[in-house]
Amino acid sequence: MQNTSLNRRNFVKAAGAVSLVGTGIFASGCATVGGVAKPKVVVVGAGFGGATAAKYIAMWSEQGIDVTLVERGDNFVSCPMSNLVVGGSSNLGNISVAYGGLDKYGVRRVKGEATGFDATAKTLSLADGTKLPYDRLILSPGIDFMYETLPGLATGEAKNRVLAAWKAGPETVALRNQLTAMKDGGVYAIHIPKAPYRCPPGPYERACQVAWYFQQAKPKSKVLILDANEDVVSKKGLFMKAWNGQYKGLIEYRNNQEIQDVDARTLSLKMSFGEDVKADVLNVLPPMRAGNIAAMNGLNNSNRRWCQVDWLTYESTAVPGVHILGDSLQIAPAMPKSGHMANQHGKVCAAAVVALLTGETVNQTPMVANTCYSFIDDKNVVHVASVHRYDAAQKTMVTVQGAGGLSADANALEGVYANSWAKNIWADMLA
Amino acid sequence: MKSLHSFARTAAFAATFAAASAFAQTAPASAPVDKHLARNLAAQCANCHGTNGKSVAEVPSLAGVPANVTIQKMKDYRDGKLPATIMHQLAKGYTDEQVALIADYLSKQPK
Ligand SMILES: Cc1cc2nc3c(=O)[nH]c(=O)nc-3n(C[C@H](O)[C@H](O)[C@H](O)COP(=O)(O)OP(=O)(O)OC[C@H]3O[C@@H](n4cnc5c(N)ncnc54)[C@H](O)[C@@H]3O)c2cc1C
């Protein structure tokens, strides 16, 4: 079995015919695993976790597994690098990627909204009534917001006035437009919820990007960071250096800023302690939880917010046959909710799902690594990196001691590498 | 189960070294016992170095680079002998055995 697949792989390579894999020429050779129909994997979400898993399952099984990818969006818009759009040094086109690159791997793309699944019948339901059968279901829906905690943001109108812009797309541009429309001398305030939330350094990077824009165009304006956390959650020293250096007087940071509610009409925050805070552009990141498809279907077995998985396979500990990736997970210690992580989850899960469906052994020693680059201005960048290994005794991922770390200082070379990272990770998911 | 697994890893490691020391760029005579482990580990480098080590941007490709070259660079990063923005921190996260598996896998990928 192993030899057969190896030979086929070598043959494909030797023939220099990688592209033939996508044409179905090898379909007859791959169509059956042990004499039965091809196993089916359905993936929800063509973001960092889902697109990666779909591509790698198709690639690593050499199309021996039938992969269907369900996504509601028309094209991928990256959250990483989207703060540069807010700051004005980039645009939405630069951070958008078509899904069509996955076609050559044989991934079947379905545009639609997944609404639920039947774990017994093993089908995924879409809003249009379609039912997709699966042997393994993979969900990487990202986050959704706990708007129930902020009644003032209940209406669509309120959400449009007080943006989150924490899912890249039209809201990213809308926030940019609010900033360009703001008078010089105005205040941009960003509220950060208590951790865990998507992308720990992301809000601080955004504050830097807005300050960079103000420095160019609206020097009398101010950036106010209202952090519900006790302290800067990520890259503290590096961000503080920028706030006390190139952005001195422009950025003010306040910790322990819990809010009760938001008043979208007056653009103000009702603080848990102290007076209301008013801004000219108010950007609120509501508390987050696992994406709806996971949170609404009993997979959120951690605090009713996040999903617990077996770190060897990313299979839910609540519902068998369903795997979960990315931001929706209850993270292991020191594992951030990042695109880089979600991409790595996608590959560990892909390897495990291929193994499970072809009767091979699941890797018992998976590793994942993380890197988050943050832009301090339009060119200079800082990073935080970590490496994580599976600990069999604790049944969780632990950081490899002595590995990882931070940039010494913001620098332009890492600006080049951060752009390179984005291009390579987007291609690793979607090309 | 556990001992079986570490046996497989040791065998793969030995096979890797045999292949690497002979600078074998053609298909090895016998398949490595645990070929997926190398593939799975190497996939972690793809976020920055491209799928199967083929970069589409400024960070160098690792695909088709002789295994001993990658192994040496990873050692030098780890020991602080090569200037780096990030590889010195990542290289410390992997054992020699893991680096050898990754390097061997990437050496066999098309440039
Ligand atoms: C401003 C900002 C900056 C960031 N910067 C970085 C960075 O520099 N580096 C980094 O590593 N990470 C960064 N992140 C974090 C990163 O974006 C997330 O961690 C990552 O997107 C998580 O991947 P995911 O697969 O869980 O979700 P996503 O990438 O959000 O993918 C989820 C996909 O599922 C789709 N979907 C959801 N539900 C359904 C449904 N029911 N039916 C159909 N489709 C559905 C969505 O449309 C979406 O396309 C940043 C985030 C933000 C907001």
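What comes next is a walk through the structure. Everything numeric here is computed off the predicted structure, so don't read it as measured data.

### Structural notes on the sheet that holds strand β15 (residues 268-271) of chain A
Residues and elements named next belong to chain A.
- Taken together, three strands build an open sheet; the order of strands is β14-β15-β16 and the sheet is antiparallel. Looking along the sheet, the strands with just one partner apiece sit at the ends: β14 (259-263) and β16 (277-278).
- Where β14 meets β15, four bridges bridge the pair, whose relative direction is antiparallel. When the bridges of β15 are listed, Val262 appears paired with Leu269.

### Considering helix α3 (residues 48-60) of chain A
All names here are of chain A.
- Counted at 1.5 Å a residue, the expected span for α3 with its 13 residues is 18 Å, and the 18 Å between its end C-alpha atoms agrees.
- The buried count for α3 comes to 13 of 13 residues, which makes it a mostly enclosed element.
- Glu62 occupies a position one or two residues after α3 and carries a positive phi of about 50°.

### Remarks on the side chain of His36(B)
- Of note, His36(B) is situated in helix α2 (residues 35-42).
- A distance of 2.9 Å separates the side chain of His36(B) from the side chain of Glu360(A), its partner in a polar contact.
- In terms of polar contacts, His36(B) uses its side chain to reach the side chain of Arg39(B), at 3.2 Å.

### Observations concerning the side chain of Thr70(B)
- Relative to the assigned elements, Thr70(B) resides in helix α4 (residues 67-78).
- In contact with Thr70(B), not counting residues within four places along its chain, are Val65(B) and Ala103(B).

### Some remarks on the packing of helix α10 (residues 339-358) of chain A against helix α11 (residues 412-430) of chain A
Residues and elements named next belong to chain A.
- α11 packs onto α10 with a crossing angle of 30° between their chain directions and a minimal axis gap of 11 Å. What the angle tells us is that α10 and α11 run roughly parallel. Regarding α10 and α11, the two cross each other, and that crossing is left-handed. Along its contact with α10, which presents Gly339, His340, Asn343 and Lys347, the element α11 presents Trp421, Ile425, Asp428 and Met429.
- Looking at the contact of α10 with α11, its residues break down into three nonpolar, three polar and two charged.

### Some thoughts on the site of the ligand
All names here are of chain A.
- Looking at the ligand, there are 30 residues lining it, with Glu71, Ser140, Arg198, Asp327 and His340 nearest.
- In this structure, Asp327 approaches the ligand through a side-chain N or O atom, which is 2.8 Å from an oxygen atom.
- In the complex, the protein chains occlude 93% of the 1000 Å² of accessible area that the ligand would expose alone.
- Sorting elements by how many residues they give to the shell around the ligand places α10 first, with three residues.

About the cut-offs
- Counting of residues starts from 1 at the beginning of each chain's written sequence and follows it residue by residue.
- As a convention, the first chain written is A and the first ligand written is 1, with the rest following in written order.
- Since the coordinates come from a predicted model, pLDDT governs what is reported: local features require at least 70, and pairs of side-chain atoms require 80 or more to be given and counted, while whole-chain, interface and lining totals use all residues.
- Values reported for side chains reflect all heavy atoms of the structure, with hydrogen atoms and water molecules removed beforehand.
- Only strands joined by at least two bridges in the DSSP assignment are considered to pair.
- Helix numbers and strand numbers start at the N terminus; a helix is a DSSP run of H or I with at least 4 residues, a strand a run of E with at least 2.
- To estimate the expected span of a helix, count its residues, drop one, and scale the result by 1.5 Å.
- Three exposure classes are used, based on accessible area relative to the maximum for each residue type with a 1.4 Å probe and protein chains only: buried under 20%, partly exposed in between, and exposed over 50%.
- Under this definition, polar contacts are N or O atom pairs within 3.5 Å; protein pairs additionally need one hydrogen-donor-capable and one acceptor-capable atom, and for neighbouring residues in sequence, both atoms have to be side-chain atoms.
- Residues are treated as being in contact if the distance between any of their heavy atoms lies within 4.5 Å.
- With axes taken as lines fitted to C-alpha atoms, and helix axes fitted only over the stretch in contact, angles between N-to-C directions fall between 0 and 180 degrees.
- Angles below 35 degrees are treated as roughly parallel, those above 145 as roughly antiparallel, those between 65 and 115 as roughly perpendicular, and all remaining angles as oblique.
- Helix crossings are classified by the rotation of the near helix relative to the far one: an anticlockwise turn of less than a right angle makes the crossing left-handed, while a clockwise turn makes it right-handed.
- Note on residue classes: Ala, Val, Leu, Ile, Met, Phe, Trp, Tyr, Cys and Pro are nonpolar, Asp, Glu, Lys and Arg are charged, and everything else, Gly too, is polar.
- To be near a molecule or strand, a residue needs just one of its heavy atoms within 4 Å of it.
- Residue-level accessible areas treat just the shown protein chains as cover; the underlying method is Shrake-Rupley with a 1.4 Å probe.

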